[in-house]
2 protein chains.
Amino acid sequence: MKIGELAKRTEVPTRMLRYYEEQGLITPRRQQNGYREYDEYLVDRVKKIRGLLNSGIPTRIIGDMLPCLNQPQEIVVADPDPELREMLVRERDRMAERVALLEHHRHALTRYIAAMDRSIAATTAPRVPT
Amino acid sequence: MKIGELAKRTEVPTRMLRYYEEQGLITPRRQQNGYREYDEYLVDRVKKIRGLLNSGIPTRIIGDMLPCLNQPQEIVVADPDPELREMLVRERDRMAERVALLEHHRHALTRYIAAMDRSIAATTAPRVPT
DNA sequence: GTGCAACCTTACAGTCATGTCAAGGTTGAC
DNA sequence: GTCAACCTTGACATGACTGTAAGGTTGCAC
């Protein structure tokens, strides 16, 4: 498929698909006219890349991880590099921290919004029946 | 206190404290020699800023929120702007999404690390008693 | 009071994941 | 043939950092 279709199917802008290519995360073939030609399996891979980026993992590290995450279901560990393992553990722990923090702030925001609503209610209907 | 002490107490590098100032999130007074002078209450505020930034809220929006989050405990809504409310709701929903995604990837990573460990165990002790 | 480390200052450049735009080539439908 | 809807590369902008250079201030030892 061409870049536009991949963009639609993954909801990742074409700009980003080209960027991921630039970073060596995907390497589509080229048609005779120079257009990029993406294989089906790249849909999954792009989604994986997005997910990892969204989790705060930089492209450089994603590049290290991707070859290990080849099979969609089964986890294949080709070269069990202890350094990579450590890095992944660190990333996982950082994720846990971020989840906790996000939850904390989500609750704070929820409380804040509720307070706003009370304030708005008080403003629009200031006279409360005694 | 001076910038170095604030940095130590908040674990936010001086470089970033100056950056937050540049972005209008904190405005320390100046000593005669030009050094920045931070009040005690800024320790809390900087921590709040870090938390919000970590949650993916941009400085621009944090700048809008901070004046509302003055009191550490009580939530004070000075000007219940419905636009701000909508924005906050959007931010909160985005946070929820990000939490879900992070959790998903955290679990994936955990599974992956476990698989690695099995692989390492198999490599270092390849002969399993039948 | 000289020297020196440890602090502080500004200012400018670089990074990373994005967004946006320009200038131009290709394709397919009418 | 022309027009919209694609595609290409390239360049510049932005947000949140991050690094570093070049220099001023402070405090302490000698």
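Whatever comes next refers back to the structure up there.
Criteria and thresholds
Residues numbered from 1 in each chain as written. Chains lettered and ligands numbered in written order. Predicted model: local features only at pLDDT ≥ 70, side-chain atom pairs only at ≥ 80, totals over all residues. Heavy atoms only, no water. Helix = DSSP H or I, 4+ residues; strand = E, 2+ residues; numbered from the N terminus. Buried < 20%, exposed > 50% of the residue type's maximum accessible area, 1.4 Å probe, protein only. Contact = heavy atoms within 4.5 Å. Near = heavy atom within 4 Å. Polar contact = N/O pair within 3.5 Å; in protein donor to acceptor, adjacent residues only side chain to side chain. Nonpolar A, V, L, I, M, F, W, Y, C, P; charged D, E, K, R; others polar. Salt bridge = Lys/Arg side-chain N within 4 Å of Asp/Glu carboxyl O. Phe/Tyr/Trp six-rings, centres within 6.5 Å; stacked < 30°, edge-to-face > 60°.

Here the focus is the side chain of Glu21 of chain A. All names here are of chain A. Along the chain, Glu21 turns up in helix H2 (residues 14–22). By relative accessible area, which is 19% here, Glu21 ends up buried. Glu21 has contacts with Ile26, Pro28, Arg30, Arg36 and Tyr38, leaving out every residue within four places of it along the chain.

The subject of this paragraph is the protein's contact with DNA strand C. The environment of DNA strand C is formed by 20 residues, the closest being Tyr19, Tyr35 and Arg50 of chain A together with Gly4 and Arg36 of chain B. Within the contact set of DNA strand C, a phosphate oxygen lies 2.4 Å away from a side-chain nitrogen or oxygen of Tyr19 of chain A. Asn33 of chain A is positioned with one of its side-chain polar atoms (N or O) 3.0 Å from a phosphate oxygen of DNA strand C. Secondary-structure elements contributing two or more residues to the surface near DNA strand C are H2 and helix H3 (41–54) of chain A together with helix H1 (3–10) and helix H2 (14–22) of chain B. Of the residues in the surface near DNA strand C, the class split is nine nonpolar, four polar and seven charged.

Residues and elements named next belong to chain A. In total, this model carries twelve salt bridges over all chains according to the counting rule given. Note that Glu21 and Arg30 form a salt bridge whose closest N and O atoms lie 3.4 Å from each other. Arg29 is paired through a salt bridge with Asp39; the nearest N and O atoms lie 2.3 Å apart. Of this pair, Arg29 sits in strand E1 (residues 29–30) while Asp39 sits in the loop between strand E2 (36–37) and H3; the two residues are ten residues apart in sequence, bridging distant segments of the chain. When its relative accessible area of 46% is taken as the criterion, Arg29 is described as partly exposed. Taken together, the salt bridges that share partners define one network made up of Glu5, Arg9 and Glu40.

Now for the packing of aromatic side chains. Residue and element names in this part refer to chain B. This model, assessed by the stated rule, comprises two aromatic pairs over all chains. Ring centres of Tyr19 and Tyr20 lie 6.0 Å apart, and the angle between their planes is 55°; this geometry places the pair in the tilted category. A relative accessible area of 1% places Tyr20 in the buried class.

Let's shift gears to the protein's contact with DNA strand D. Within the structure, DNA strand D sits among 19 residues, and Arg36 of chain A together with Arg15, Met16, Leu53 and Thr59 of chain B are positioned closest to it. By atom count, sugar and phosphate contribute 64% of the portion of DNA strand D lying within 4 Å of the protein. One of the backbone N or O atoms of Gly4 of chain A is found 2.6 Å from a phosphate oxygen in DNA strand D. Arg30 of chain A is positioned such that a nitrogen or oxygen atom in its side chain is 3.2 Å from a phosphate oxygen of DNA strand D. Elements represented by at least two residues in the surface near DNA strand D include exactly helix H1 (3–10) and H2 of chain A together with H2 and helix H3 (41–54) of chain B. A per-class count over the surface near DNA strand D returns eight nonpolar, four polar and seven charged.

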